[in-house]
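# Coordinate inspection notes
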Amino acid sequence: IDPGKIQIQVGFMEKNPEFSMSFTNISHVNKEGKLVREMPDKYSKDVFTHDDLIPNTIPPSLTTVFKKELWPEVMPDIFYTIKHSDAFIKALISQNGPVKYFNTVTGCYRIHDTGMFSGASFEEKNKNKMASFKAILNYFPSGKVKANARKAISNLYQKLSYYYLSNGEIKKFIATFAEGSKFAVLNGQLPTFGFIFRKAKN
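Rules and cut-offs
Residues numbered from 1 in each chain as written. Predicted model: local features only at pLDDT ≥ 70, side-chain atom pairs only at ≥ 80, totals over all residues. Heavy atoms only, no water. Helix = DSSP H or I, 4+ residues; strand = E, 2+ residues; numbered from the N terminus. Buried < 20%, exposed > 50% of the residue type's maximum accessible area, 1.4 Å probe, protein only. Contact = heavy atoms within 4.5 Å. Areas by Shrake-Rupley, 256 points an atom, 1.4 Å probe, with all protein chains shown as cover. Salt bridge = Lys/Arg side-chain N within 4 Å of Asp/Glu carboxyl O. Patch = residues over 30% accessible without salt bridge, like charges linked within 9 Å, V, L, I, M, F, W, Y side chains within 5 Å. Phe/Tyr/Trp six-rings, centres within 6.5 Å; stacked < 30°, edge-to-face > 60°. Axes fitted to C-alpha atoms, helices over the stretch in contact; angles between N-to-C directions. Parallel < 35°, antiparallel > 145°, perpendicular 65-115°, else oblique. Left-handed = near helix turned anticlockwise from the far one by under 90°. Nonpolar A, V, L, I, M, F, W, Y, C, P; charged D, E, K, R; others polar. Core = buried A, V, L, I, M, F, W, Y, C linked by side-chain atoms within 4.5 Å.

With that settled, the discussion passes to the overall build of the protein. Tallying secondary structure elements over the protein gives seven helices and five strands in all. The secondary structure elements of the protein, listed N-terminal to C-terminal, are α-β-β-β-α-β-α-β-α-α-α-α. For the protein, with 202 residues in total, the buried portion stands at 41%. The contacts in the protein between residues at least 6 apart in sequence include a share of 70% that link residues at least 24 apart. With an accessible surface of roughly 11600 Å², the protein has 55% of that area assigned to carbon and sulfur atoms.

Below is the structure:
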């Protein structure tokens, strides 16, 4: 929606060749093109490193620009096991240099029932995210990235647990709650259930 988008991002990256990628914010629109949410994601800074980008921040794919030579000639095998692959790709590319964020809306993400991501169920979306974050945890060597991935995975276990509990799917709740607790313990964390208790209380 911004005719200057490409020039802003490409121009910056040409002047700053150490950067691997750049992105802007987006707005959400419905299938009729009407605004649903403006700038749904709030970013704390305008330059990210590989260590603090994924999975804490996942640049919107529709506004992301990266250097084509950074696209791997051969993707790692683990890439082909996940559906929510854009986070993994951006993590790969960000290993090659910092990432620039422009605090402006240059594109609209259309939410509709037949969208590959927006049309998926809450359960499917979050299970796919979890698989992607587990792939990131297992593939990337950075201790900070691994710590961020563990935290994100634990948060998804809690969200899914509460989702099942609130929908009366007790067997799924117990299984997911137990799996999340096991994941936390195996990764040197104390299981935390505050999110579930707060949501249930509210």
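Per the stated rule, a full pass over the model turns up seven salt bridges. Between aspartate 46 and lysine 100 there is a salt bridge, with the nearest N and O atoms lying 3.2 Å from each other. Of this pair, aspartate 46 sits in the loop between strand S2 (35-38) and strand S3 (47-48) while lysine 100 sits in strand S5 (residues 99-110); the two residues are 54 residues apart in sequence, bridging distant segments of the chain. Using a relative accessible area of 39% as the deciding quantity, one classes aspartate 46 as partly exposed. When salt bridges with common partners are traced through the structure, they connect Glu123, Lys127, Glu169 and Lys172 into a single cluster.

Following isoleucine 54, the chain continues into proline 55 via a peptide bond in cis, with omega recorded as 0°. As for its position among the elements, proline 55 is in the loop between helix H2 (50-53) and strand S4 (65-66).

As a further point, take helix H3 (residues 86-94). Each α-helix turn comprises 3.6 residues. Residues three or four places apart therefore point the same way. Within H3, eight of the nine residues are buried, leaving the element largely enclosed by the surrounding structure. Three or more residues of H3 are buried, namely Ala87, Phe88, Ile89, Lys90, Ala91, Leu92, Ile93 and Ser94. Those residues of H3 that are buried lie in contact with strand S1 (21-29), H2, S4, S5 and helix H4 (122-139).

Together, Leu165, Ile170 and Ile174 give the surface a local cluster of nonpolar side chains, amounting to about 240 Å² of exposed area. Mapped onto the secondary structure, isoleucine 174 falls in helix H6 (residues 170-186).

Let us look at the packing of aromatic side chains. Applying the stated criterion across every chain, the model contains 17 aromatic pairs. Ring centres 5.4 Å apart and planes at 50° place the aromatic pair phenylalanine 88 and phenylalanine 140 in the tilted group. Placement of the pair is phenylalanine 88 in helix H3 and phenylalanine 140 in the loop between H4 and helix H5 (143-166), with a sequence separation of 52 residues. Take phenylalanine 88 and phenylalanine 140: they sit in the same class, and that class is buried. Here the aromatic cluster, defined as three or more aromatic residues joined through ring pairs, consists of Phe79, Tyr80, Phe88, Tyr139 and Phe140.

For the rest of this paragraph, the subject is the packing of H4 against H5. Any two packed helices are characterised by the angle at which their axes cross and by the distance between the axes. Close contact between H4 and H5 brings their axes to 9 Å; oriented N to C, the two are set at 160°. Viewed along their axes, H4 and H5 adopt a mutual orientation that is roughly antiparallel. As for how H4 packs across H5, the hand of that crossing is left-handed. Here H4 contributes Phe122, Glu123, Asn126, Lys127, Lys129, Met130, Phe133, Lys134, Ile136, Leu137 and Asn138 to the contact with H5, which in turn contributes Val145, Lys146, Ala149, Arg150, Ala152, Ile153, Leu156, Tyr157, Lys159, Leu160, Tyr163 and Tyr164. Here the residues of the contact of H4 with H5 are counted per class, giving 14 nonpolar, two polar and seven charged.

What follows covers the nonpolar core. Ranked by size, the top nonpolar core spans 34 residues in total, and within it Phe48, Phe88, Phe133, Ile136, Phe140 and Ile153 carry the most contacts. Going through the elements one at a time, S1, H3, S5, H4, H5 and H6 are the ones with two or more residues in this core. In this structure, Phe12, Met13, Val65 and Phe102 belong to the second largest nonpolar core, which totals five residues.

Interpretation in functional terms is not warranted from these geometric data alone.
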